[in-house]
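# Examination of the molecular architecture
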Amino acid sequence: MSAKFEKNALGRLVPTEVNGKSQIPYQGVGKYKPTGRKYAPPIASCADYPADGNKIVPSLKDALIKSGLRDGSVISSHHHFRNGDLIAVQIFDIAHELGFKDLVWVPSASFECQSSLTKYLEDGTIHHIEGSMNGSLGRFTSEGKMKGMGILRSHGGRYQAIQDGDVVIDIAVIAAPTADPFGNATGDRGPAACGLLGFALADSQYANKVIVATDNLVPFPCVPWQIHGNYVDYVVVVDQVGIPEKIVSGTTEITKSPDRLLLAEMTAQFCDETGIIHDGFSFQAGAGGTALSIGVYFAEILRERGMKARFARGGSNKYLVKMLEEGLVDYILDGQTFDLEGVRSMRENEGHLNTSPFTSYNYHGKGNFASQVDVVILGATEVDLNFNANVVTHSDGVLLHGIGGWQNCLFSKCTILPIPLFRDRIPVIRDEVTTICGPGELIDVIVTERGIAINPLRTDLIEKLKNSNLPIKTIQQLKDEGEAICGVPEKPKFTDKAVAVIKWVDGTIIDTVWEVE
Amino acid sequence: MDTTISIGNKGKGVRSDCSVTLTLTNKNGIDLQIDSKVKSLFGKQIEQLARQILAFYEIENAILLVEDSGALPFVMAARIEAAVRKLITTEKEFLLPMLEQNLYQTVRERNRFSRLYLPGNTPSLMINAGIHHPDGIILDLEDAVAPDKKYEASFVVRNALRNLDFYGTERMVRINQVPRGLEDLDYIVPQNVNLILVPKCESASQIHQVNERIETIKVKHGIKGNIWLMPIIESALGVIRSYDIATAAPNVVAMAIGLEDYTADLGTKRTNEGNESFFARSQVVNACRAAGIQPIDSVFSDVGDMEGLKNNVLRSKSLGFDGMGCIHPRQIKVIHDNFAPETDEIEKAKKIVNAFFEATERGLGVVSLGTKMIDPPVVKRAQRTIDVAIKTGKLKQNWREEEHVS
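Residues numbered from 1 in each chain as written. Chains lettered and ligands numbered in written order. Predicted model: local features only at pLDDT ≥ 70, side-chain atom pairs only at ≥ 80, totals over all residues.

## Remarks on the interface of chain B and chain A
Taken together, the contact between chain B and chain A spans 19 residues of the former and 17 residues of the latter. It is helix α1 (residues 39-56) of chain B that provides the largest number of residues to the side of chain B that touches chain A, a total of five residues. Here the side of chain B that touches chain A is composed, by residue class, of eight nonpolar, eight polar and three charged. (Contact = placed C-beta atoms within 7 Å. Helix = DSSP H or I, 4+ residues; strand = E, 2+ residues; numbered from the N terminus. Nonpolar A, V, L, I, M, F, W, Y, C, P; charged D, E, K, R; others polar.)

Written as structure tokens, this is what we have:
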């Protein structure tokens, strides 16, 4: 490869050009300030749209052709149906059938149900992916098989990139559980109800052409209109947009693992002893058994003390809904719904509000919600001695996960990563993480089952826990303890070929994913 | 003799373990095949360990396949050694260096509220057991290990006693029923095991046999420290002979009852209420108290029913038991919380301990509370109540200072 590389502010080698576009290396938290104006899609005229509001075309294929599908088109889709999505693969089946090449896929996240797209990456139908490359798609990327370079962005970073014109979407396909012929659409009802459609907001506003696909067409008006028909070009009615039972994510039950429950308990105790849990506080705990259990412990503490939280940021789920309905939290500010209780609550409860990456996470806006949250609970595959953390690659170097809202959440007042000290034989605390997704200065606390490390920058937290019976250790001690049990792992071997880049929330490149040997 | 053997576990759902298949050959040196999910990170170390063990046993020609699901070194070493020793006759043991933190001894009167059973051939359940802080951890060689896996389990249990940190809990092993269990002792006695559970115990002579074997091994290895015994009564005959068993030897510090086998022996069903075992439980408590040792109750097997467990603990405590077994780490807290002294017990103990300190400060030989004299054993018991209350978070470490200030 002839690409040029440069060291960024974290000392990571990053390409200065990706898929023919020049790039800015990461400069530090809050350092890079863009200039200029936002991207704008072409001006439309009502004269070109049916006055009766009926934008229905017979099929997705017709809609794609009418939208101007061609070689090199940039096409977006969304992960509201998670592993039950039925639309993304169809788009590329059609593109393949029509013989188009070098398409760019911009999903808000990818799932295993889309692993069959590897065949289109192989035959050149798809040139590269900008979004996330999970599971099989990640492995494919890591093996250096993708034609172009992958770009990973956070949910907020995706909004930022579309808003700023870093990525220009030619055709957005928004799969909607309910929609009307005008294109108004909602996710909170219909056979494939998934809650909200926030991830598609940017696409609806900025894509050149917008297609809404639904299996539940209602007469105008579809209310609530989470997606405004005024942005929509074509509406397609399909048999099924998603498989309802797979829409509910697999990680929406509290954990039964005693080790993870211990992590959750320690994390809740930490938040209690530091005074983070107080009347009117706010929190965000993502999906995953441990995070959900922490929410349950928070609820117990609030109930005991007669206190309540002002708001919780979702990923909503039945546990959070229970807190809302019990009066333990005033509002759920929901970014995506993880189970059907969340979907129901969004329809029924006034205090359950749907948000989007624009309101919650976009770094190129006039503030966002994420930085106002008192405490956020996140995961990581690895953390290093400088508290830098990795969520996308495993210690063997293989890309397996997307960033999700993880980077955006780091801006909360306290970021806690409850993680096991080792997984099987793989220690989680490393000298240096394989891939930096978040800079250590934003990561405050690592909770492991064998001890808690507080970032030395957080002298306030260290001071508060001076007399605690929690096992407070340094991150070096934790690393040594993990390696005493597992041994010191070798470093994964990479070639000098960059296969993907990790974007920071401001669009700069924070790290590179390399081809594994 | 066989020339090929497979040892260990593999397949879906297996974690922190490995399977090794060893074939002894006559030529071509060592053919080592490693199929590991952590190969890119630990491949070299796995290879090094495997070759080290084969060299230790002077094996020069063999095919060794290691199918690894992230086994820690002590597990992998146990698997490979077990395979080698199945194929060649040797007394030599391949031992990794003993963890210094595993060299502690436990005291006779130690609290034994909870003891967590861990199947001896399932390393993944052992690795994090200590972080849940039960009073004791039982590496089980008996009922939790399938008959055809007992051989290989002894190596895992032995290595766990040496190389796995149990964070200060009492390190126990349940051996197989005597006489088979006597062979287990060879693996565990030299590894600073703190306490041995003797299952399905029906006579004092079984305890004597265990102690004789322990003595022989201690002499052979020059071992000094105490090894405590906890016989488990699991039959009608055992219940009848419980006092003989409890007093069989000075190192018997506790005696447990095992209700699954006992109720089967009676020809009845075990219920949560436990009426069918009331006599046996009371008899065991009575025998233990008469012998001056700790009576320990059976496990509660529904791990999802915390309310049922709590009721069971309270019933157990009221019968006079000092602790019970558990089969899931989440049971530990419920057991500790409910075996712990209640508020009025703590208050009473505080008064007695205060009276003792005041008497000592004034140089008085006799402790009295109001007009009542208090005997030394009462003070000792009160102090233990205080210790337990502190340990279970029901009383602050510095309670005397705080109460004197106010």
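Picking up after the structure, the text goes on.
## Let's talk about the domain arrangement of chain A
Residue and element names in this part refer to chain A. Here chain A is described as being made up of domain 1 (49-247) and domain 2 (258-496). Computed from C-alpha atoms alone, the centre-to-centre distance between domain 1 and domain 2 is 30 Å. Contacts between the two partners involve 32 residues from domain 1, matched on the other side by 30 residues from domain 2. Those elements that place two or more of their residues in the side of domain 1 that touches domain 2 are α4 (135-142), α5 (155-164) and α6 (201-206). Counting residues per element, the side of domain 1 that touches domain 2 draws most heavily on α5, at eight residues. Of the residues assigned to the side of domain 1 that touches domain 2, the class counts are 10 nonpolar, 16 polar and six charged. (Domains from an automatic or database assignment.)

## Looking at the packing of helix α9 (residues 289-305) of chain A against helix α10 (residues 318-326) of chain A
All names here are of chain A. One way to put it is that α9 packs onto α10 with a least axis distance of 9 Å and a crossing angle of 20 degrees. On the basis of their axis angle, the class for α9 and α10 is roughly parallel. In this structure, the crossing between α9 and α10 has a hand that is left-handed. Contacts from L292, G295, V296 and A299 of α9 reach α10 at Y319, L320 and M323. The class makeup of the residues in the contact of α9 with α10 is six nonpolar, one polar and no charged. (Axes fitted to C-alpha atoms, helices over the stretch in contact; angles between N-to-C directions. Parallel < 35°, antiparallel > 145°, perpendicular 65-115°, else oblique. Left-handed = near helix turned anticlockwise from the far one by under 90°.)

## Concerning the pairing of strand β30 (residues 509-516) of chain A
Residues and elements named next belong to chain A. Among the eight residues that make up β30, seven are buried, leaving the element largely enclosed by the rest of the structure. Both strand β29 (residues 494-503) and β30 contribute to a ladder of six bridges, which runs antiparallel. Bridge assignment links I502 to a residue of β30, and that residue is D511. The antiparallel pairing of β29 with β30 creates a hairpin that spans five residues between the two strands, and G507 there sits at a positive phi of about 90 degrees. (Buried ≥ 20, exposed ≤ 12 C-beta atoms within 10 Å, placed from the backbone. Pairing = 2+ DSSP bridges.)

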